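Coordinate analysis (summary)
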Amino acid sequence: MNLSSLKPAQGSTKVRKRVGRGAGSGLGGTSARGHKGAKSRSGYSRKAGFEGGQMPLQRRVPKFGFKNINRVEYKAINLDTLQALAESIGVSVINHDVLYNNGLVSKNDLVKILSRGAITSALEVTVKGFSESAKAAIEAAGGKAIVG
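In this text, all values refer to a predicted model and were calculated from it rather than measured experimentally. (Residues numbered from 1 in each chain as written. Predicted model: local features only at pLDDT ≥ 70, side-chain atom pairs only at ≥ 80, totals over all residues. Heavy atoms only, no water.)

**Considerations on the side chain of Asn-78**
- Here Asn-78 shows up in strand 1 (residues 74-78).
- There is a polar contact of 3.2 Å between the side chain of Asn-78 and the backbone nitrogen of Arg-116.
- Excluding residues within four positions of it along the chain, Asn-78 makes contact with Leu-114, Ser-115 and Arg-116. (Helix = DSSP H or I, 4+ residues; strand = E, 2+ residues; numbered from the N terminus. Polar contact = N/O pair within 3.5 Å; in protein donor to acceptor, adjacent residues only side chain to side chain. Contact = heavy atoms within 4.5 Å.)

Written out as structure tokens, the structure is:
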């Protein structure tokens, strides 16, 4: 085997379609674009959502709802996740930095603790929000729920 004997795998290459190179090529005349219409013109690019002049779906369907510009989005962390984290790294104080360093939240996330699962360790948890039931569960286990 040498460099001169190398060739592409069978069927992996195709011959390029050379249009507008005379009638004998089979792709002369209209250059495989057909007769007339927008798609035959130079510079044509189909607009997203254009349906050939028919009223587009986006305009046929009624508008509804709104986006609340004052919405505050929290990253939800559950009690079972906190318990697993406390057991795996052996900490009793959990705050945003601990959650961030362990890949549970992003740097600018607002964190809220929710009450799925159970918590057995006495943890001191400092985050932006707690559900009532999560706060009660943390305090029942002998920990502190600090909003900070």
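**Focus on the sheet that holds strand 2 (residues 93-95)**
- Here 3 strands make up an open sheet; going across it, the order is 2-4-6 and the pairing parallel. Across the chains shown, the open sheet's two edge strands, defined by having one partner strand only, are strand 2 and strand 6 (144-147). On average, each strand axis in the sheet is tilted by 15 degrees relative to the strand beside it, whichever way the strands run. (Pairing = 2+ DSSP bridges. Axes fitted to C-alpha atoms, helices over the stretch in contact; angles between N-to-C directions.)

**Comments concerning the side chain of Ser-131**
- By the secondary structure assignment, Ser-131 is in the loop between strand 5 (129-130) and helix 4 (132-140).
- On the basis of relative accessibility, which here comes to 16%, the residue Ser-131 falls in the buried class.
- When near neighbours in sequence (up to four residues on either side) are disregarded, Ser-131 contacts Lys-112, Ile-113, Leu-114 and Ser-115. (Buried < 20%, exposed > 50% of the residue type's maximum accessible area, 1.4 Å probe, protein only.)

**Structural notes on the pattern of salt bridges**
- For the structure shown, the criterion picks out 3 salt bridges.
- Among the ionic pairs, Glu-51 bridges to Arg-60, the shortest N-O distance being 3.2 Å.
- Taking the relative accessible area as the measure of exposure, Glu-51 reaches 29% and is therefore partly exposed.
- Between Arg-116 and Asp-80 there is a salt bridge, with its nearest N and O atoms 3.0 Å apart. On the criterion of sequence distance, the pair formed by Arg-116 in the loop between strand 3 (110-114) and strand 4 (124-127) and Asp-80 in helix 2 (residues 79-89) is long-range, its members being 36 residues apart. (Salt bridge = Lys/Arg side-chain N within 4 Å of Asp/Glu carboxyl O.)

**What about the UniProt feature "domain: Large ribosomal subunit protein uL15/eL18" (unreviewed entry) in the protein?**
- Under the local residue numbering, the UniProt record ascribes the feature "domain: Large ribosomal subunit protein uL15/eL18" (unreviewed entry) to residues 77-145.
- Helix and strand shares over residues 77-145 are 38% and 26% respectively, and the end C-alpha atoms of the span are 14 Å apart. (UniProt positions renumbered as here; feature names shortened; annotations may be inferred.)

**Looking at a nonpolar patch on the surface**
- Where nonpolar side chains cluster on the molecular surface, the patch consists of Met-1, Leu-3 and Leu-6 and spans about 460 Å² of accessible area.
- Here Leu-3 lies in the segment before helix 1 (57-60). (Patch = residues over 30% accessible without salt bridge, like charges linked within 9 Å, V, L, I, M, F, W, Y side chains within 5 Å. Areas by Shrake-Rupley, 256 points an atom, 1.4 Å probe, with all protein chains shown as cover.)

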